[in-house]
Amino acid sequence: MSMTLTIPDDIAEFVSGVARKSGGTPDSLLLDALRAHFPPIPDDLKDEFDALERASDADLLFFESSLEAR
């Protein structure tokens, strides 16, 4: 997957300056920052999200009523 993101000029200039000083590239610096703030979702949690997406309204009502019964 590829995505294009427009960065405001002040941030782009700052990132470029930091990249020059550190010997890296602006792209790698921004990717590292994004990865730090959006860590990968564990596979088991992805599976739960997928199951929730596939659940019907009846499934969700049953689940909610089972929680209330506790």
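Residues numbered from 1 in each chain as written. Predicted model: local features only at pLDDT ≥ 70, side-chain atom pairs only at ≥ 80, totals over all residues. Heavy atoms only, no water.

## Here's the deal with the overall build of the protein
The number of helices and strands found in the protein is four helices and zero strands. When its helices and strands are written in sequence order, the protein yields α-α-α-α. The C-alpha radius of gyration computed for the protein amounts to 21 Å, which surpasses the reference 11 Å derived for 70 residues by more than 25%, pointing to a less compact arrangement than a globule. By the burial criterion, 4% of the 70 residues in the protein qualify as buried. Carbon and sulfur atoms provide 60% of the accessible area of the protein, an area that totals close to 6,600 Å². Computed over 6 positive and 15 negative side-chain charges, the separation of the two mean positions in the protein equals 9 Å. (Helix = DSSP H or I, 4+ residues; strand = E, 2+ residues; numbered from the N terminus. Rg over C-alpha atoms; globule rule 2.2 N^0.38 Å. Buried < 20%, exposed > 50% of the residue type's maximum accessible area, 1.4 Å probe, protein only. Areas by Shrake-Rupley, 256 points an atom, 1.4 Å probe, with all protein chains shown as cover. Lys, Arg positive; Asp, Glu negative; His and termini not counted. Charge placed at Lys NZ, Arg CZ, Asp CG, Glu CD.)

## Looking at the environment of Leu31
Along the chain, Leu31 falls in helix H2 (residues 26-37). For Leu31, a relative accessible area of 42% gives the class partly exposed. Note: C-alpha distance between Leu31 and Glu53 (22 residues apart in sequence) is 29 Å.

## Re the layout of surface pockets
If you add up the space inside the largest pocket, you get close to 350 Å³. Residue lining of the largest pocket: Leu5, Ile7, Asp27, Leu30, Leu31, Ala33, Leu34, Arg35, His37 and Phe38, and that is the complete set. When grouped by side-chain class, the residues that make up the lining of the largest pocket number seven nonpolar, one polar and two charged. (1 Å grid on protein atoms, 1.4 Å probe; cavity = no way out; pocket = protein on both sides within 12 Å on 5 of 7 lines; lining within 4 Å. Points joined across faces, edges and corners; volume = space filled by probe spheres on them. Nonpolar A, V, L, I, M, F, W, Y, C, P; charged D, E, K, R; others polar.)

## Observations concerning the confidence of the model for the protein
Taken over all residues, the pLDDT of the protein has a mean of 92, while the share at 70 or more is 100%. Within the protein, helix H4 (residues 57-68) has the poorest average pLDDT of any element, 87, and helix H1 (residues 9-22) the best, 97. (pLDDT = per-residue confidence, 0-100.)

## Observations concerning the packing of H1 against H2
Running from amino to carboxyl end, H1 crosses H2 at an angle of 105 degrees, the nearest separation of the two axes being 8 Å. Taken together, H1 and H2 sit at an angle that is classed as roughly perpendicular. Contacts between H1 and H2 involve Val15, Ser16, Val18 and Ala19 from the former and Pro26, Leu29 and Leu30 from the latter. Residues belonging to the contact of H1 with H2 are distributed by class as follows: six nonpolar, one polar and no charged. (Axes fitted to C-alpha atoms, helices over the stretch in contact; angles between N-to-C directions. Parallel < 35°, antiparallel > 145°, perpendicular 65-115°, else oblique. Contact = heavy atoms within 4.5 Å.)

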